[in-house]
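Fold and contact review
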Amino acid sequence: EEIRRQKDAAQKRSSELLARGEVSRVLSAYERIGRMHEHQGQAEARQTIVKEWATHRRLHPDKVQIMLAFKRDDVLALNLAAREKMREAGALRGKDQRVETPRGPRDFAIGDRIYFTKNDHQLGVLNGSLGTLEAGRGPVVTVRLDDGRRVAFDLPQYNHLDHGYAATVHKAQGVTVDRAHVLADSHFDQHVAYVALTRHRDQMDLHWSREEFADQANLHAVLGREHMKDVAVDYEKAEKQAKAFDRVVELAQAESTEKRHAAAKPNLVRERLESMDRKELVHLVGNLRQLVKTAPLSQSKAFDQLPDVVKARADELALLKIVDQRTAQVEQWQKQHPIKAKLKREPTYQDRDGQMVTLSEGLLRVEKFQAKAEAIRERVEKDPALQAKADAISKASVERWNKANRLLPVAEQTLSAKEAARVREIKAERQKARELGKENDHGLERELGFELGSDKNDGRGGFGR
């Protein structure tokens, strides 16, 4: 995709690197110029983003901004906080009008930023179009789009709207703004990072927290994942790791037996550990240390790693990328051929089914597939069976982590004792070998001394007489 948003050569270069998946290089570059912001928690990050958004709006009212996040809950919180700032600044006029949207009820007032969430070519808006609510009379509202056009429509006929202060990353693929404020979380991957970090013309600020990322290296690793398939790999690793801790479960059972029969079996766990050979015990201690170092999965993170969820999100993101590319093609052609665009004389191409379609028809077809993928993803995310499975995985993860924390000190003590005993054995063996070696040396010296002495005494350099 041609990089058209950024004007600055360095930022264009960053977008090109992101398109090639070189996320870490870009993050390092943004860190050097102060565009990466670390926070302790996500709530703190959201507050800072809204504060910076409000400050920039006050200083540069003519500039278009957007706040981006992966989770809808984060987007909703950012939008509500931004509306409060707008009310405080007197930028919203009149009473709120409640509108029933596909995403639930939303309150709008004159001056509100509007985000269109569905393409409507008759109305002249695209999924991701931004504007400002200028007037409303009954169900009919007028919105001034950021490209300068004004559109008026009847809310009962078109209600695919949301507040336009913040948006999910996957809904922002067609968005272009002057400044973007990005809230990163553990759902990001290469594709999400590319979209989030390339929506701006002038400036982008990325906010991350220790609640979602262990450190900056972890941030780079997560945002550099090759799509969501790496999450599936993480899930498979977690499954293998769970199997590797079967011995931990066995020891935990011994621990429970020990507690129930304290008088008869006071040291059952230690006995089990001592019965292991050294190699097996070293392997177990290594596994326990790894488990203790890795925080247990929360219900939401366990849910995010389920293969069904991963696939649904990856399919939707892949189609959203195609929609973004097709939308860019349509917009570019319309700008280059304004007369033909008015006459609707678009070029045609052959689609996968072998049919000849125009650019707009191709876009509509992809949008239908994308809408189906979005519906599947939403259905999967609301699936109670998957939620229950994630809950069970999370509880098992917490239980394993707690068991590992209890068993690790005992296992380390047992291993240390075995290592100390082994060191003593080795020292004893070496001491014995040295003693035997010295005795042999003396005997050899006596034998050689006799022979050599005979030679010397002979004085002729030969063997005895």
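One can find the structure itself at the top, above this paragraph.
Residues numbered from 1 in each chain as written. Predicted model: local features only at pLDDT ≥ 70, side-chain atom pairs only at ≥ 80, totals over all residues. Heavy atoms only, no water.

1. A few points about the environment of R46
Note the cut-off: Secondary structure counts use DSSP, requiring at least four H or I residues in a row for a helix and at least two E residues in a row for a strand, with both numbered from the N terminus. When checking whether two residues touch, look at their non-hydrogen atoms; a contact exists if any pair is within 4.5 Å.
Of note, R46 is situated in helix α3 (residues 42-59). Between the C-alpha atoms of R46 and M67, which are 21 residues apart in sequence, the distance is 9.5 Å. Beyond its immediate sequence surroundings of up to four residues, R46 is in contact with D74, A77, L78 and L183.

2. Some details on helix α2 (residues 23-32)
Put simply, the test is: Buried means the residue's accessible area, taken with a 1.4 Å probe over protein chains only, is under 20% of the maximum for its type, while exposed means over 50%, and partly exposed covers the values in between. Each direction from the helix axis to a C-beta atom contributes to the arc, which is the arc of those directions.
If you check which residues of α2 are buried, you get V23, V26, L27 and Y30. Down the axis of α2, the sector holding all buried residues measures 100°, keeping them to one side. Of the surrounding secondary structure, the elements contacted by the buried residues of α2 are α1 (9-19), β1 (36-39), α5 (190-196), β12 (200-209) and α6 (216-223).

3. Observations concerning the packing of aromatic side chains
How we decide: Note on aromatic pairs: the rings of Phe, Tyr and Trp (six-membered ring only in Trp) are paired at centre separations within 6.5 Å, and the planes decide the class, stacked below 30 degrees, edge-to-face beyond 60, tilted for the rest.
Here the structure, examined in full by the defined rule, presents 5 aromatic pairs. Taking the centre distance of 5.9 Å and the plane angle of 65° together, the rings of F116 and F153 count as edge-to-face. Separated by 37 residues along the polypeptide, F116 in strand β5 (residues 113-116) and F153 in strand β8 (residues 150-154) bring together distant segments of the chain. Accessibility expressed as a relative area gives 6% for F153, which makes it buried. Note on W208 and F213: the rings are 6.3 Å apart at their centroids and 75° apart in plane angle, and the pair reads as edge-to-face. For the pair W208 and F213, one class covers both residues: buried. Aromatic ring contacts, followed pair by pair, group F116, F153 and Y158 into a single cluster.

4. Comments concerning the pairing of strand β7 (residues 140-145)
Quick reminder of the rule: At least two DSSP bridges between two strands are needed for those strands to be called paired.
Burial along β7 is one-sided: the residues V141, V143 and L145 are buried and none of V140, T142 and R144 is. Between strand β6 (residues 130-137) and β7, which pair antiparallel and follow one another directly, the connecting turn spans 2 residues, one of which, G138, has a positive phi of 65°. Examined bridge by bridge, β7 and β8 share 5 bridges and lie antiparallel to one another. Looking at the pairing, T142 lines up with A152 of β8.

5. Topic: the sheet that holds strand β9 (residues 161-163)
Short version of the rule: Every axis in this analysis is a line fitted to C-alpha atoms, fitted for helices over the stretch in contact. Angles between the N-to-C directions lie between 0 and 180 degrees.
Read from one edge of the open sheet, 5 strands run β8-β7-β6-β5-β9, paired in antiparallel fashion. The strands lining the two open edges of the sheet, one partner per strand, are β8 and β9. Direction aside, neighbouring strands of the sheet carry axes that sit 40° apart on average. Inspection of the sheet shows β6 paired to β7 by 6 bridges, in the antiparallel sense. Looking at β7, one finds that T132 is bridged to R144.

6. What about the sheet that holds β1?
Taken together, 5 strands build an open sheet; the order of strands is β1-β12-β11-β2-β10 and the sheet is parallel. Both outer strands of the open sheet, β1 and β10 (166-168), are each paired with one neighbouring strand and no more. Between one strand and the next, the sheet's axes are offset by a mean angle of 25°, whatever the strand orientation. In this sheet, β10 lies alongside strand β2 (residues 65-69) in parallel orientation, the contact comprising 3 bridges. What sits directly across from M67, in β10, is A166. Against the sheet, helix α4 (residues 72-88) makes contact with β2, β10 and β11 (177-183), and its axis sits at roughly 170° relative to β10, the strand it touches most.

7. Section: the packing of helix α12 (residues 307-336) against helix α14 (residues 359-381)
Spelled out, the test is: Orientation categories follow fixed angle ranges, with anything under 35 degrees roughly parallel, anything over 145 roughly antiparallel, 65 to 115 roughly perpendicular, and all other angles oblique. A clockwise turn of the near helix away from the far one marks a right-handed crossing, whereas an anticlockwise turn of less than a right angle marks a left-handed crossing.
Running from N to C, α12 and α14 point in directions that differ by 155°, and their axes come no closer than 8 Å. Of the possible angle classes, the one that applies to α12 and α14 is roughly antiparallel. Crossing of α12 against α14: the hand is left-handed.

8. Observations regarding the environment of K403
Turning to its location among the elements, K403 is positioned in helix α15 (residues 384-458). According to the relative accessible area criterion, K403 is buried, its value standing at 14%. Between the alpha carbons of K403 and L291 there is a distance of 9.7 Å; along the sequence they are 112 residues apart.

9. A look at the pairing of β12
How we decide: Call a crossover right-handed when, viewed with both strands pointing away from you, the route from the first strand across the helix to the second goes clockwise.
Of all 10 residues in β12, 8 are buried, a share of seventy percent or more. Pairing analysis gives 6 bridges linking β11 to β12, with the strands arranged parallel. Of the residues in β12, the one forming a bridge with V182 is L206. Running through α5, the crossover from β11 to the neighbouring parallel element β12 is right-handed.

10. Details of the pattern of salt bridges
Convention followed: Each reported salt bridge corresponds to a side-chain nitrogen of Lys or Arg within 4 Å of a carboxyl oxygen of Asp or Glu.
This structure, assessed with the given rule, holds 30 salt bridges. The shortest N-O distance in the salt bridge between E22 and R25 comes to 2.8 Å. Put simply, R35, E52, R179 and D205 are held in one network by salt bridges that share partners.

11. With respect to the packing of α3 against α4
Two measures define how a pair of helices packs: the angle their axes make with one another and the distance between the axes. Filter applied, for reference: Residues were grouped as follows: Ala, Val, Leu, Ile, Met, Phe, Trp, Tyr, Cys and Pro as nonpolar; Asp, Glu, Lys and Arg as charged; and all remaining residues, including Gly, as polar.
The N-to-C vectors of α3 and α4 enclose an angle of 40°; their axes lie 10 Å apart at closest approach. Judged by the inter-axis angle, α3 sits oblique to α4. Both α3 and α4 take part in a crossing whose hand is right-handed. Contacts between α3 and α4 involve R46, I49, V50, W53, A54 and R57 from the former and D74, A77, L78, A81, A82, K85 and M86 from the latter. Of the residues belonging to the contact of α3 with α4, the class tally is 9 nonpolar, no polar and 4 charged.

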